[in-house]
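Survey of secondary and tertiary structure
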Amino acid sequence: MKMKEFRTELGVFKDLEISIGRIFEETWPEPLGPTPFPSIIALRDWDFKLLKRYKPFYMPFCDVCCFCTMGKCDLTGDKRGACGLTMASQQSRIVLLACCIGAATHIAHARHLVEHLIGLYGRDCPIDVGGTNVEVEAPITRLVCGIRPRTLRDLEDILDYLEGQIVQLLSATHTGQEGSPLDFESKVLHAGMIDHVGMEVADIAQISALGFPKADPEAPLTDIGWGVVDSSKPVILVVGHNVPSAAEIVDYLMDRALYEKIEVAGICCTAHDVARYNPRAKIVGPLSWQARFIRSGLADVIVLDEQCIRADTLLEAQKVRAPLIATSDKNCLGLQNRTGDKAEEIVADLVAGKAPGVLILDPVLVGEVAVRTAMEVAPKRRKFKVLPSTAEVIEGSKACTKCNRCTRSCPNELPIPDALEVAVQGNLSGLAALYEACIGCLRCESACPNRLPIHSYILAASERRMREERFKIRTGRGAIQDNEIRNVGAPIVLGEIPGVIALVGCSNYPHGGREVAEIAEEFLKRRYIVVASGCSAMSVAMKKDEEGRSLYELYPGGFEAGGLVNVGSCIANSHISGAAIKIASIFAKRNLRANYEEIADYILNRVGAVGLAWGAMSQKAAAIASGFWRLGVPVIVGPHGSKYRRMLLGRKDRDEDWYVYDARSGEQVYVGPAPEHLFCTAESKEEAMVMIAKLCIRPNDTPKGRAIKLTHYVDLSKRLYGTIPDDIHLFVRTAADIPITMKEEIQRILEERGWKEKRIPDPTLLPKLVRKGEMGR
Amino acid sequence: MASAEPWQMAEIPGPRKAIVIPRPEALIALVKRAKRLIFIVGHGASEVSLKEGGTPMDWSIRVSRASGIPILATGHAVKGFIERGFKPGAYMSAVDVANRLIDPGWEGLDGKGQYELAIFIGFHYYLAWNLLSGLKHFSQNIKTLSLDRFYQPHASLSLPNLSVDEWEVYLKALEDALRSG
């Protein structure tokens, strides 16, 4: 508002200009907490509390820094770079960069989705993620920002804040800015926190506007696997994470009653979300299956959106003569932008092969072009594939000189030369045996001096198996209902439900996705709540019982003991952290609004939740993990996760690290190493399973709950380690904590260790939460 | 086959890289010279068969019994040791071990303080690569020795890339030397 002159009793104002951004309607009785829209240092004290206990352990991936022209600088040992930075600071700086990339990716994704949906449904489109079953519709946003989003318009304001924070965080990584590793780490945690807000914004927007399942424990089952695609029809393959184009393809088919004639199949999170949009869409598999599926020739048109897409997809598509449509301004692939052209012109060019692909930034146009192109191209391509025949594999394998460069380039060091050696004898079983653990990175082919198409050889040897891969997955249900939280809040906080296990992240597995399903099954049988998302949620589906049923068919989809909950795509990870927050808010009735420290302190000390990102690969996964750390939720990664360069490790041998305040008296009380780590690598599936059981232990467990958790920890340890845990004495506080069936055995150990009974406090790391009494030990 | 370049082709290290142990005799000499040693044994030690029978885990047990060098098992390797009738000095996750080895105040498994030489065997190449990098940069006085079959540039001392036969020559020579005192 501008005024040339404004007269009041106070005086005359000239050239007055008043600017009001947005006024949020105050219909929320909950008082505003201390940290609304926190700056990058607003939660630094909380971060430092975490980092004091869970100190960073760095494993540099590179000995030098090459960020500026004063370098390269050798940072080995205690050397400093030309800018003064140490190796520890450089590593934490790189972790921050990774988390900024991850958070920016989710936030940009959210911005695109919100703008797209506003274009379709208007700014007043209401946020509805579960009707009356979900009153707390955006727990992370409420916690971090202190506002309650009601419409898509409100989400725009949240995104403004998030984008501003990314700029602030990224600027801290410039040469001559932040120098302390701990402050870098605090900013890492901030990046993670805003990443979760960004994911939440994206997912509640698409759930609300696109009619995805709304917190439905019985969200429909759908097909997953390479073999579920009907190859007799034209096939459109959608790959990526951002669903508008895929949704428009489905709409185009539905509007014209064409769905029976065309297959829509997806890879990675777009597959999750298009199946949430319409469960008739089929999910092929995780991101590591891109080259696998494209080379099979089944896809007649390939539609890419964004994130985790192979950069050589255009080349792979050309090999099988499948036109490619790029749909994201973040992934243009050098293609001509045809957004302004008519559909028939684009289709004609693609069908005639005048261009290998096009860029179309209008999802509606993508829908039409993809379908029409698929229908015209399919009869001409006749599923042209580049998988060799058995005879070609045998002949080609003769060119292998056993130089080992393929194995030395393979992330999982697969014994490819040995497999090729037996293939020469006509036996392809060695190549077929590589299929499960192959992550489809194609580095073997790049490394081979004879340019053998090794990945295609593996696929050719496994083609029958691939065709038989058919499973069922429950489509992503989105949020957890408030009532579900009320039902499980007490048993989780008291420890009687032994834990919530979140199987999240990418498919960079050390031995294939089957291990993820095996871990899920183990903890489902033990009546943990198992939550899954993204590629991991797909891998969980790929194991059948004797009757051919997947875990999603065997276990209920509710957030309950023994429930298997597929929340959805990567951005649906926000419902996992959201559930932890809702336990503090709905069950424990802690103030949620802009009250981050208290809620995180509650989760750390009371909510036995653990994340397992067995194949975590990306920067997004790093950001997601760091959002969980700041909330006090530990994360385990597989052995490849050690390449994230930094762990956050507790030291159970240092008693002084494990004291909390008793909120009743202010006394400091030893509570044992619970949880022992915030971020840790497990080198094997067996280690991960024992670690999961241990990391679910929390200071607030009741004796009954602790006994249940120790039962699982001891049982798994005995089975997988062959011994009772050597640190069991650290987790027994009173005799009532000891599992009855293990009493004699554990008591004997306690006596040997000179164990003394300890009291169970009302645990907190925050002095401000002490209700009375003097501080201090 | 013996060469001293990183086994995984993109794992380019440096400037400081591991000293290559060119012959079994050199291995014997440096192990015998060290005063406080510890074996760090990953679960992979039970997943490789040696031509003379057994696995690197069996070999580590024999060497530990002969020399008194304690074994710290990582991952679920402890199960393999127990199944072989051997109780390792301790077990913990691999990153926990490395995190303790960089702490000059760690008292070790016997309460007598930090170690002089940590000997690694039985790891995924890339996991050991990362662990040894952490130790290279952040440990104070400890030296690391990689006895796996492939050159580990972040160790202080490493075997070169070896065939299984060549590798077994190193392992057997060290075992024989430690048995004879």
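Criteria and cut-off values
- Residues numbered from 1 in each chain as written.
- Chains lettered and ligands numbered in written order.
- Predicted model: local features only at pLDDT ≥ 70, side-chain atom pairs only at ≥ 80, totals over all residues.
- Helix = DSSP H or I, 4+ residues; strand = E, 2+ residues; numbered from the N terminus.
- Rg over C-alpha atoms; globule rule 2.2 N^0.38 Å.
- Buried ≥ 20, exposed ≤ 12 C-beta atoms within 10 Å, placed from the backbone.
- Contact = placed C-beta atoms within 7 Å.
- Axes fitted to C-alpha atoms, helices over the stretch in contact; angles between N-to-C directions.
- Parallel < 35°, antiparallel > 145°, perpendicular 65-115°, else oblique.
- Nonpolar A, V, L, I, M, F, W, Y, C, P; charged D, E, K, R; others polar.
- Expected span 1.5 Å × (residues − 1).
- Bend = angle between axes of the 7 residues up to and from the residue.
- Pairing = 2+ DSSP bridges.
- Domains from an automatic or database assignment.
- pLDDT = per-residue confidence, 0-100.
- Core = buried A, V, L, I, M, F, W, Y, C linked by C-beta atoms within 7 Å.

**So, the overall build of chain A**
Secondary structure assignment for chain A yields 28 helices and 23 strands. Taken against the 2.2 N^0.38 rule, which gives 28 Å for 777 residues, the C-alpha radius of gyration of chain A at 27 Å falls within 12% of a compact globule. Looking at chain A residue by residue over its 777 residues, the buried ones come to 59%. Contacts in chain A between residues at least 24 apart in sequence constitute 76% of all its contacts with a sequence separation of at least 6.

**Here's the deal with the overall build of chain B**
A count of helical and extended segments in chain B gives six helices and seven strands. When the helices and strands of chain B are read in sequence order from the N terminus, they spell out β-α-β-α-β-α-β-α-β-α-β-β-α. At 15 Å, chain B has a C-alpha radius of gyration in line with the 16 Å of a compact globule built from 181 residues. Overall, the C-alpha framework of chain B stretches about 40 × 40 × 30 Å when taken along its three principal axes. Of all 181 residues assigned to chain B, the portion counted as buried reaches 52%. Relative to all contacts within chain B whose residues are 6 or more apart in sequence, the contacts with residues 24 or more apart total 64%.

**Considering the packing of helix α20 (residues 514-525) of chain A against helix α21 (residues 534-541) of chain A**
Residues and elements named next belong to chain A. Contact geometry for α20 and α21: axes closest at 7 Å, N-to-C directions at 75°. As the angle between them shows, α20 and α21 are arranged roughly perpendicular. Mapping the contact onto sequence places Val516, Ala517 and Ala520 in α20 and Ser536, Ser539 and Val540 in α21. Per-class residue counts for the contact of α20 with α21 are four nonpolar, two polar and no charged.

**Side note on helix α23 (residues 574-587) of chain A**
All names here are of chain A. Taking 1.5 Å per residue as the helical rise, α23 with its 14 residues ought to reach 20 Å, and the 19 Å between its terminal C-alpha atoms agrees with that figure. Helix geometry: α23 is bent most strongly at isoleucine 581, by close to 30°. In terms of burial, α23 is a largely internal element, 14 of the 14 residues being buried. The first or second residue beyond α23 is lysine 589, which carries a positive phi of 60°.

**Thoughts on the interface of chain A and chain B**
Residue-level contacts link 30 residues of chain A with 32 residues of chain B. Mapped onto the side of chain A that touches chain B, the elements with two or more residues apiece are β3 (55-58), α13 (405-409), β19 (646-649), β22 (677-681), α26 (685-695) and α27 (703-721) of chain A. In terms of residue count, the dominant contributor to the side of chain A that touches chain B is α13(A) (three residues). Of the residues contributing to the side of chain A that touches chain B, the split by class is 13 nonpolar, eight polar and nine charged.

**Examining the sheet that holds strand β23 (residues 763-764) of chain A**
Residues and elements named next belong to chain A. Reading across from one edge, β21-β20-β23 is the order of the three strands in this open sheet, with antiparallel pairing throughout. Lying at the two open borders of the sheet, with one neighbouring strand each, are β21 (668-670) and β23. Of the strand pairs in this sheet, strand β20 (residues 659-662) and β21 are connected by three bridges, and their pairing is antiparallel. Paired with valine 660 across the strands is valine 669, a residue of β21.

**Let's talk about the domain arrangement of chain A**
All names here are of chain A. Domain boundaries in chain A define domain 1 (44-210), domain 2 (226-381), domain 3 (390-452) and domain 4 (471-727 + 761-769). Centre-to-centre separation of domain 1 and domain 2, based on C-alpha positions: 31 Å. The interface is formed by eight residues belonging to domain 1 together with 11 residues belonging to domain 2. For the side of domain 1 that touches domain 2, the elements supplying multiple residues, two or more each, are α2 (87-121) and α5 (181-210).

**A closer look at the packing of α23(A) against helix α24 (residues 596-606) of chain A**
Residue and element names in this part refer to chain A. Their axes nearest at 9 Å, the elements α23 and α24 cross at an angle of 100°. Taken together, the axes of α23 and α24 are roughly perpendicular relative to one another. Together, Ala580, Ile581 and Ala584 of α23 and Ile599, Tyr602 and Ile603 of α24 make up the contact between the two elements. Here the contact of α23 with α24 is built from residues that sort into six nonpolar, no polar and no charged.

**Description of the confidence of the model for chain B**
Mean pLDDT over chain B: 95, with 99% of residues reaching 70 or higher. As a predicted assembly, this complex carries a pTM of 0.96 together with an ipTM value of 0.97.

**Here we look at the sheet that holds strand β5 (residues 117-121) of chain B**
All names here are of chain B. Here seven strands make up an open sheet; going across it, the order is β1-β7-β6-β5-β2-β3-β4 and the pairing parallel. The open sheet has two edge strands, β1 (19-20) and β4 (90-91), and neither has a second partner. In the sheet, strand β6 (residues 143-146) pairs with strand β7 (residues 157-158) via two bridges, with the strands oriented parallel. Paired with serine 146 across the strands is serine 158, a residue of β7. Against the sheet, helix α5 (residues 125-138) engages β5 and β6, with an angle of about 165° to β6.

**With respect to the nonpolar core**
In this structure, Ile249(A), Val303(A), Ala520(A) and Ile692(A) are the most contacted members of the largest nonpolar core, which totals 320 residues. Val303(A) has contacts with Ile236(A), Leu237(A), Val238(A), Ser245(A), Ala246(A), Ile249(A), Ile325(A), Thr327(A), Val366(A) and Ala370(A), leaving out every residue within four places of it along the chain.

**Some points on unusual backbone geometry**
Between Gly71(A) and the following residue, Lys72(A), the backbone shows a cis peptide bond with an omega angle of 5°. Counting through the fold element by element, Lys72(A) comes out in the loop between β4 (64-65) and β5 (73-74). Gly14(B) connects to Pro15(B) through a cis peptide bond whose omega is 10°. The topology assignment puts Pro15(B) in the segment before β1. Non-glycine residue Ala215(A) carries a positive phi angle of around 55°. With a phi close to 60°, Cys308(A) is a non-glycine residue in the positive phi region. Along the polypeptide, Cys308(A) turns up in the loop between β10 (301-304) and α9 (313-319). Note on Cys308(A): 25 C-beta atoms within 10 Å, which makes it buried.

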